[in-house]
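Given next are the chains, with one letter for each unit.
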Amino acid sequence: MVRHKLLLTVLALSVILPAAAQNGTFGYLDFNGTMKMMPAYIEASKELGRIQDGYTDELNRSKELFERQYIEFMIEQDGLSPVIVAKRQKELQTLMEGNRELRDRMQADLEAERIRLLNPLKISLLQAISDVCRMQDLDYVIDSGSGAYLSVNPEHGRDISRDIYRMVGIEDSTLVSETANSEGMIPVEPAGNNRKQTSEE
């Protein structure tokens, strides 16, 4: 499967890369698969699992409280006055909304914890990839799982900005940043945002 993905990636690169780059030497690895084998990832996963279990227990407790009060209300409502029925219904509605808000807040907190625990590992792995790319004098390293560029050797690159400026009619390159950030301009996403493509599922 990995070989198949790598073949597709190489074929895609052969279409978009110039001939000079195609003749270069590149490295490849499965970024997510490698990260999951890191000892620190195993520990981070365990900690994240403990946090998630705590959130799940709290959500279950809140759900059980709502269900218990709902059942009690259904049993007693025929003998209650309209004022008390309305009060109980409002209490149940408040509980239900509170549970929904709690769930959303916990999901956001869990995502924040996931980022806190895993981002340092991603940075460490990307740094290791960059170091190996330089040490082995590779032109670039690609992720065999996604096809994203994980590292590009700057010593083998060339800044072609001014050539592109001339071809697209930009007269003063010093105004590029200011113009691109002007109000009313269509925002442009960076081409090949590698860090997003290699994020852990």
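Residues numbered from 1 in each chain as written. Predicted model: local features only at pLDDT ≥ 70, side-chain atom pairs only at ≥ 80, totals over all residues. Heavy atoms only, no water.

1. Brief notes about the sheet that holds strand 1 (residues 26–29)
In a beta sheet, neighbouring strands pair by backbone hydrogen bonds and run either parallel or antiparallel.
Piece 1. Taking strand neighbours across the sheet as the criterion, the three strands line up as 1-2-3 in an open arrangement whose pairing is mixed. Bordering the open sheet on either side are strand 1 and strand 3 (149–152), each of which pairs with just one other strand. Neighbouring strand axes in the sheet, compared pairwise and without regard to direction, differ in orientation by 15 degrees on average.
Piece 2. Here four bridges tie strand 1 to strand 2 (residues 140–143), and the two strands are oriented parallel to one another. Looking at strand 2, one finds that Gly 27 is bridged to Val 141. (Pairing = 2+ DSSP bridges. Helix = DSSP H or I, 4+ residues; strand = E, 2+ residues; numbered from the N terminus. Axes fitted to C-alpha atoms, helices over the stretch in contact; angles between N-to-C directions.)

2. A look at the confidence of the model for the protein
Detailed conclusions should not be drawn from predicted coordinates in areas where pLDDT is low.
Piece 1. For the protein, the average pLDDT comes to 76, and 74% of its residues sit at 70 or higher.
Piece 2. Per-residue pLDDT stays below 50 along residues 5–22; that stretch engages in 16 contacts with residues further than four places along the chain or on separate chains. (pLDDT = per-residue confidence, 0-100. Contact = heavy atoms within 4.5 Å.)

3. Section: unusual backbone geometry
Piece 1. At Asp 137, a residue that is not glycine, the phi angle is positive and equals roughly 55 degrees.
Piece 2. Here Asp 137 is to be found in the loop between helix 5 (82–135) and strand 2.

4. Quick notes on the environment of Phe 66
Piece 1. For Phe 66, the location among the structural elements is in helix 4 (residues 39–76).
Piece 2. In this structure the C-alpha to C-alpha distance between Phe 66 and Thr 94, which are 28 residues apart in sequence, comes to 9.8 Å.
Piece 3. Filtering out sequence-adjacent residues up to four positions away, Phe 66 remains in contact with Leu 92, Leu 95, Met 96 and Asn 99.

5. Some details on helix 4
Helical geometry note: an α-helix holds 3.6 residues per turn, so side chains three or four residues apart project in the same direction.
Piece 1. Taking 1.5 Å of rise per residue, the 38 residues of helix 4 would be expected to cover 56 Å, and the 56 Å separating its terminal C-alpha atoms lies within 8% of that figure.
Piece 2. Inspection of helix 4 places Tyr 41, Ala 44, Leu 48, Ile 51, Ser 62, Phe 66 and Phe 73 among the buried residues, and these make up the whole buried set.
Piece 3. Buried residues belonging to helix 4 abut helix 3 (31–36) and helix 5. (Expected span 1.5 Å × (residues − 1). Buried < 20%, exposed > 50% of the residue type's maximum accessible area, 1.4 Å probe, protein only.)

6. Re the nonpolar core
Piece 1. Counting 18 residues, the largest nonpolar core has Phe 31, Met 35 and Leu 121 as the members making the most contacts within it.
Piece 2. Where this core is concerned, the elements lending two or more residues are helix 3, helix 4 and helix 5.
Piece 3. The dominant element in this core, judged by the number of residues it contributes, is helix 5, at eight residues. (Core = buried A, V, L, I, M, F, W, Y, C linked by side-chain atoms within 4.5 Å.)

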